[in-house]
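# Tertiary structure, described
Each chain is listed here by its residues.
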Amino acid sequence: MSPYFLLLLIPIIPLSLLVILALIVRPKPVRIPIKSRHVFITGGSSGIGLALAHRAASEGARVSILARSAKKLEEAKESIKLATGVEVAAFSADVRDYDAVSKAIEESGPIDVLVVNQGVFTARELEKHSVEDVKFTIDVNLVGSFNVIKAALPGMKAGREGRGPASISLVSSQAGQVGVYGYAAYSASKFGLQGLAQSLQQEVIADDIHVTLVFPPDTDTPGFEEEQKSRPEVTSIIAASSGSMKTEEVARRAMEGIKAGKFTVSCNFEGFLLALATTGMSPQRSFWLAFLEVITAGPIRLVALFFQWDWYNAIEKWSKTKNK
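What you see is a predicted model; the values in this text were computed from it and never measured. (Residues numbered from 1 in each chain as written. Predicted model: local features only at pLDDT ≥ 70, side-chain atom pairs only at ≥ 80, totals over all residues. Heavy atoms only, no water.)

### Observations regarding the UniProt feature "domain: Ketoreductase" (unreviewed entry) in the chain
Residues given the UniProt feature "domain: Ketoreductase" (unreviewed entry) here are residues 37-208. Secondary structure content for residues 37-208 is 50% helix and 15% strand, and the end C-alpha separation is 15 Å. (UniProt positions renumbered as here; feature names shortened; annotations may be inferred. Helix = DSSP H or I, 4+ residues; strand = E, 2+ residues; numbered from the N terminus.)

Written as structure tokens, this is what we have:
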């Protein structure tokens, strides 16, 4: 066989793969408008949710925020109005209470962009977690997400053909992609959002509703500040490999991903690598990203194993120091 023929095969193989991927990736690309549309954000009184509300309001959306604390909601409303001049609607409800959530969503009106952002977190070894703590975490982060989506879906589907594409975004965490020491309850609740999102996308795609799953790293929120005070030492050592981000930057990247109709949104380079390593059966709209996922699967797995090696070494060293 001629060496020149072999040289010709080198570009043909990846180009053929790109053509195949361009034909098979689903769902198809979509753009989600924000201006003049109803954006409803849970956990909207602080942190990432509040930053997303600021951004949506500044882009001309009609914004509704939901959280448990009426006081924090009023403070959030005032801060958004001062920054953007926009008056947002606020609803006080516990996402664990389906009836309360359903009533708030009904009062707010049909939703175009739903951001399911509420979350609670305590970094602690499972052995030291009370059963009540574990249940609370799962109920707020996972069951609460089911409640919000189930309550919102009828209104989101009604008359959708004349209203343009809609979006349901779930704010997970990098701890929803990989388990970390001290995160057993939290990771379980956030990993669950992946199954919810993947299944839900198949159920609502025919209604022109598009699901986005956001994976922020540690983010400088009030909750994160509190969590750092009590998290196990080894958790801090492992988490340091990813670093933290400012709330506004996470919100910017999340909103860009929502508007682009992405299924998976990473917020930093480490998160992007983590997404490549854990993509599994996730939908992919971009054939370019699908190509990258296919060709990097092996090498990224090797990188992941090096990270695991480093983490388990850190745990071993910490364990020896603790037992001295």
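### A look at the nonpolar core
Judged by nonpolar contacts, the single largest core of 33 residues is most densely connected at Ile105, Leu114, Ile149, Met156, Ile168 and Leu170. When residues in this core are grouped by element, the largest group, eight residues, is from helix H5 (residues 131-157). Membership of the second largest hydrophobic core comes to 32 residues, among which are Ala56, Val88, Met245 and Ile258. (Core = buried A, V, L, I, M, F, W, Y, C linked by side-chain atoms within 4.5 Å. Buried < 20%, exposed > 50% of the residue type's maximum accessible area, 1.4 Å probe, protein only.)

### Description of the sheet that holds strand S9 (residues 264-266)
Taken together, seven strands build an open sheet; the order of strands is S3-S2-S1-S4-S5-S6-S9 and the sheet is parallel. The strands lining the two open edges of the sheet, one partner per strand, are strand S3 (89-92) and S9. Neighbour-to-neighbour, the strand axes of this sheet turn through a mean angle of 15°, independent of strand direction. In terms of strand pairing, strand S2 (residues 62-67) meets S3 through four bridges, oriented parallel. In the strand pairing of S3, serine 64 is matched with alanine 89. In the packing of helix H6 (residues 184-204) onto the sheet, the strands contacted are strand S5 (166-171) and strand S6 (209-215), and the crossing angle to S6 comes to about 165°. (Pairing = 2+ DSSP bridges. Axes fitted to C-alpha atoms, helices over the stretch in contact; angles between N-to-C directions. Contact = heavy atoms within 4.5 Å.)

### Description of the environment of glutamate 107
Mapped onto the elements of the fold, glutamate 107 is located in helix H4 (residues 98-108). Distance from glutamate 107 to alanine 89, taken between C-alpha atoms, is 9.9 Å for residues 18 residues apart in sequence.

### Focus on unusual backbone geometry
Residues arginine 26 and proline 27 are joined by a peptide bond in cis, for which omega reads 0°. Tracing the backbone shows proline 27 in the loop between helix H1 (3-24) and strand S1 (38-42). Residues other than glycine seldom take positive phi values, yet serine 36 does so here, at roughly 65°. Judged by relative accessible area, serine 36 falls into the exposed class, the value being 63%. One non-glycine residue, aspartate 208, lies in positive phi territory at about 60°. Among the secondary structure elements, aspartate 208 is positioned in the loop between H6 and S6.

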